[in-house]
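Read off the chains here:
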Amino acid sequence: MKPTTELDTIAAVASAPGGAARGIIRISGPRALECLASLGGSTETSLPTGLRGASASAGSLVLPEFCAPVPCDFFVWPCPRSYTREPTVELHLPGSPPILEAALTAACRNGARPAKPGEFTLRAFLAGRIDLTQAEAVLGAIDARDERELQTALKQMAGGLAGPLTKLRGDLLDLLAHLEAGLDFVEEDIEFISRDELLAVIGAARDALLDLQRRMTDRTDAAVRPTVVLVGAPNVGKSSLFNALAGGAHALVSPQAGTTRDYLAAAIDCDGVAVELVDTAGLAPTALDAIDAAAQRGSREQAGAAALTLACFDRSRAPTSDEAAQLRGDEATRIVVWTKADLPPAASTPALVAAGHAVVALDDEASLRRLRTMIAERSASLAGGSADVVATTAVRCRASLAEAARQLDDAERTARERRGEELVAAALRAALDELGEIVGAIYTDDILDRIFSRFCIGK
Ligand SMILES: Nc1nc2c(ncn2[C@@H]2O[C@H](COP(=O)(O)OP(=O)(O)OP(=O)(O)O)[C@@H](O)[C@H]2O)c(=O)[nH]1
Ligand SMILES: [Mg+2]
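Note that the structure is a prediction, hence the values are computed from the model and not measured. (Residues numbered from 1 in each chain as written. Chains lettered and ligands numbered in written order. Predicted model: local features only at pLDDT ≥ 70, side-chain atom pairs only at ≥ 80, totals over all residues. Heavy atoms only, no water.)

Points about the site of ligand 1
Alright, step 1. Near ligand 1 you find 21 residues, and of these Lys238, Ser240, Gly258, Thr260 and Asp342 are the closest.
Alright, step 2. Valine 236 has a polar backbone atom sitting 3.2 Å from an oxygen atom of ligand 1.
Alright, step 3. A distance of 3.3 Å separates an oxygen atom of ligand 1 from a polar backbone atom of glycine 282.
Alright, step 4. In isolation ligand 1 has 650 Å² of accessible area, and contact with the protein removes 86% of it. (Near = heavy atom within 4 Å. Polar contact = N/O pair within 3.5 Å; in protein donor to acceptor, adjacent residues only side chain to side chain. Areas by Shrake-Rupley, 256 points an atom, 1.4 Å probe, with all protein chains shown as cover.)

Right, here's the structure in full:
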């Protein structure tokens, strides 16, 4: 998703899908209040502009699809108090899907367009309301599977990580400003910062960084490497995927079903998370012979002992009835992987591909990279532990934190050895760039895409 700079107004159903007592339509953007007025809501508030908080009024919505007006509470958040820092309106309606759909259509007829997944949170990030770690925490709270994960996400959303990172960046920026001022006045022999002060600030920054690294790595550095097992019917491409992820031709691959008989393991690194990847023999409802039966027993044992399974399905052919039954499950301990995505999909498969599934082709490095990230995040979140950072952030930021720490070490050594303040400044700048990537002060479309495309529409 590209960061949108055009100022259009977006609308979406912000409540959970399905029927409920209440349903919410959220509208955000410069024309949100006009849109509200066209829908019949009041934009009046008795407070002067600037002091205005949220206002609420009860009324009704006239929708052409229905013969009677629909009761509606209108909530208005004037700019910049809203989540997106844009004028924002919420329509609280009876939570019936046809009513919500009609209200969304009405909003889109009156100046809004349908929001993309995560676009409200993307706008909150682009407006400087939250940093990237907080955006990831929003996703972490939505996806939390238990109380502990929810608490972790809520702490991070409240700035548990953004706060120390902002302070650290501020301290390093001040230090850099002093150093650069000294470089500008090098002829005058004015000392802007003493070497002891310089070393003290770098040392404190290094400690703060170590603390952040510890908070992010407890969860992902479990003493026991999690076992990730490839399972699926014969010939779906498990061994080929094993080779692609493990980086080499470890497992035998052939067009003949039943190629793999014994399991094979390799230690691999997924985005900095070490896992044990295991390839197994294909599982079929009935075994062909005694060897096949033994091979399948081995596969089931491996799958049973796995921390995480990669359940593989061939996207280029329709699933068997056995596979269709397996697809209905939704477990935290497995990732559904659709293989052979370079081939045309079978007619029935696109409808079965759900959010959270991986779609991979061996010749598409980006699809393999996404799968590695999914494995890392899921393993990290399953490992639990004491980390107080959501798994998505921990996995995304590990490399940046390690590089920032390396640059600070470099800065400290250079300062100690008096090898020139230009070199110290260069190392500090490199460390700041890495920290900037963590909070999103420096970002690429690719990073935003990876984070925000996982949100659902309306968040
Ligand atoms: N076009 C295409 N072919 C693939 C892909 N992945 C695997 N294949 C082919 O699918 C066939 C089966 O691949 P394997 O990796 O041996 O499948 P398997 O699931 O390990 O099979 P068993 O060991 O028999 O259970 C081979 O001919 C592969 O070349 C892919 O991404 N695209
Ligand atoms: Mg195989």
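Next, the rest of the story.
Digging into the layout of surface pockets
Alright, step 1. Quantified by volume, the largest pocket comes out at close to 1,600 Å³.
Alright, step 2. Residue lining of the largest pocket: 48 residues in total, with Asp143, Gly356, Met374, Arg378 and Arg454 positioned closest to the centre.
Alright, step 3. Listing elements by their share of the lining of the largest pocket, those giving two or more residues are helix H4 (132-143), helix H5 (147-157), helix H10 (321-327), strand E11 (334-339), strand E12 (358-359), helix H11 (365-383), helix H12 (391-416) and helix H14 (445-452).
Alright, step 4. Tallying contributions element by element places H11 first for the lining of the largest pocket, with 10 residues.
Alright, step 5. Along the lines of polarity and charge, the residues of the lining of the largest pocket split into 22 nonpolar, 10 polar and 16 charged.
Alright, step 6. Lining the lining of the largest pocket are residues from two domains, each supplying at least three of them: domain 2 (142-212 + 401-440) and domain 3 (227-383).
Alright, step 7. Of the voids in this model, the second largest pocket is the one considered here, and its volume is about 470 Å³.
Alright, step 8. Forming the boundary of the second largest pocket are 22 residues, of which Val231, Gly232, Ala233, Leu283 and Gln326 lie nearest the centre.
Alright, step 9. Broken down by secondary-structure element, the contributors of at least two residues to the lining of the second largest pocket are strand E7 (227-232), helix H9 (290-305), strand E10 (308-314) and H10.
Alright, step 10. Of the residues in the lining of the second largest pocket, the class split is 9 nonpolar, 6 polar and 7 charged. (1 Å grid on protein atoms, 1.4 Å probe; cavity = no way out; pocket = protein on both sides within 12 Å on 5 of 7 lines; lining within 4 Å. Points joined across faces, edges and corners; volume = space filled by probe spheres on them. Helix = DSSP H or I, 4+ residues; strand = E, 2+ residues; numbered from the N terminus. Nonpolar A, V, L, I, M, F, W, Y, C, P; charged D, E, K, R; others polar. Domains from an automatic or database assignment.)

Section: empty space enclosed by the protein
Alright, step 1. Within this structure, the stated rule accounts for 1 cavity of 30 Å³ or more.
Alright, step 2. Size it by volume and the largest cavity reaches roughly 50 Å³.
Alright, step 3. As for the largest cavity, its lining consists of Glu136, Glu377, Thr392, Arg396, Arg450, Ile451 and Arg454.
Alright, step 4. Mapped by element, the contributors of at least two residues to the lining of the largest cavity are H12 and H14.
Alright, step 5. When its residues are assigned to classes, the lining of the largest cavity shows 1 nonpolar, 1 polar and 5 charged.

What to know about the sheet that holds strand E4 (residues 70-77)
Alright, step 1. Sheet architecture is open: 6 strands sit in the order E3-E4-E5-E2-E1-E6, paired in mixed fashion. Every interior strand has two partners, whereas the edge strands, strand E3 (55-61) and strand E6 (112-114), have only one. Adjacent strand axes in the sheet meet at a mean angle of 25 degrees when their direction is disregarded.
Alright, step 2. Sheet topology note: the strand E1 (residues 9-13)/strand E2 (residues 20-28) ladder contains 4 bridges and is antiparallel. Counterpart to alanine 11 in the pairing with E2 is isoleucine 27. (Pairing = 2+ DSSP bridges. Axes fitted to C-alpha atoms, helices over the stretch in contact; angles between N-to-C directions.)

Thoughts on the coordination of the magnesium ion (ligand 2)
Alright, step 1. With distances of 1.9 to 2.0 Å, the protein atoms coordinating the magnesium ion (ligand 2) are Ser239 (OG) and Thr260 (OG1). Note that serine 239 is positioned in helix H8 (residues 238-246) and threonine 260 in the loop between H8 and strand E8 (264-270), a separation of 21 residues in sequence. (Donors = N, O, S within 2.8 Å, 3.2 Å for Na, K, Ca; no water.)

What about the pairing of E4?
Alright, step 1. Of the two faces of E4, only the one carrying Val70, Cys72, Phe74 and Val76 is buried; Pro71, Asp73, Phe75 and Trp77 on the other face are not.
Alright, step 2. As paired elements, E3 and E4 share 7 bridges and run antiparallel to each other. Looking at E4, one finds that serine 60 is bridged to proline 71.
Alright, step 3. As paired elements, E4 and strand E5 (residues 88-95) share 5 bridges and run antiparallel to each other. Within E5, the residue paired with phenylalanine 75 across the bridge is glutamate 90. (Buried < 20%, exposed > 50% of the residue type's maximum accessible area, 1.4 Å probe, protein only.)

Brief notes about the confidence of the model for the protein
Alright, step 1. With 92% of its residues at a pLDDT of at least 70, the protein reaches an overall mean of 86.
Alright, step 2. Confidence drops under a pLDDT of 50 for residues 45-51, and excluding neighbours within four residues, the segment shows 6 contacts in the predicted structure. (pLDDT = per-residue confidence, 0-100. Contact = heavy atoms within 4.5 Å.)

Description of the packing of helix H6 (residues 162-184) against helix H13 (residues 421-439)
Alright, step 1. Where H6 contacts H13, the two axes come as close as 10 Å, and the packing angle between them is 155 degrees. On the basis of their axis angle, the class for H6 and H13 is roughly antiparallel. Where H6 crosses over H13, the two elements pack in a sense that is left-handed. Along its contact with H6, which presents Leu165, Leu168, Arg169, Leu172, Leu173, Leu175, Leu176, Leu179, Glu180 and Leu183, the element H13 presents Glu421, Glu422, Val424, Ala425, Leu428, Arg429, Leu432, Leu435, Gly436, Ile438 and Val439.
Alright, step 2. Along the lines of polarity and charge, the residues of the contact of H6 with H13 split into 15 nonpolar, 1 polar and 5 charged. (Parallel < 35°, antiparallel > 145°, perpendicular 65-115°, else oblique. Left-handed = near helix turned anticlockwise from the far one by under 90°.)

Quick look at the pattern of salt bridges
Alright, step 1. Inspection of the entire model under this criterion finds 19 salt bridges.
Alright, step 2. Where arginine 123 meets glutamate 86, a salt bridge forms, and the shortest distance between an N and an O atom there is 3.0 Å. Remark: glutamate 86 occurs in the loop between E4 and E5 and arginine 123 occurs in helix H3 (residues 119-126); sequence separation between them is 37 residues.
Alright, step 3. With a relative accessible area of 13%, glutamate 86 lands in the buried category.
Alright, step 4. The residue glutamate 136 makes a salt bridge to arginine 396 at a minimum N-O spacing of 2.6 Å. Note that glutamate 136 is positioned in helix H4 and arginine 396 in helix H12, a separation of 260 residues in sequence. (Salt bridge = Lys/Arg side-chain N within 4 Å of Asp/Glu carboxyl O.)

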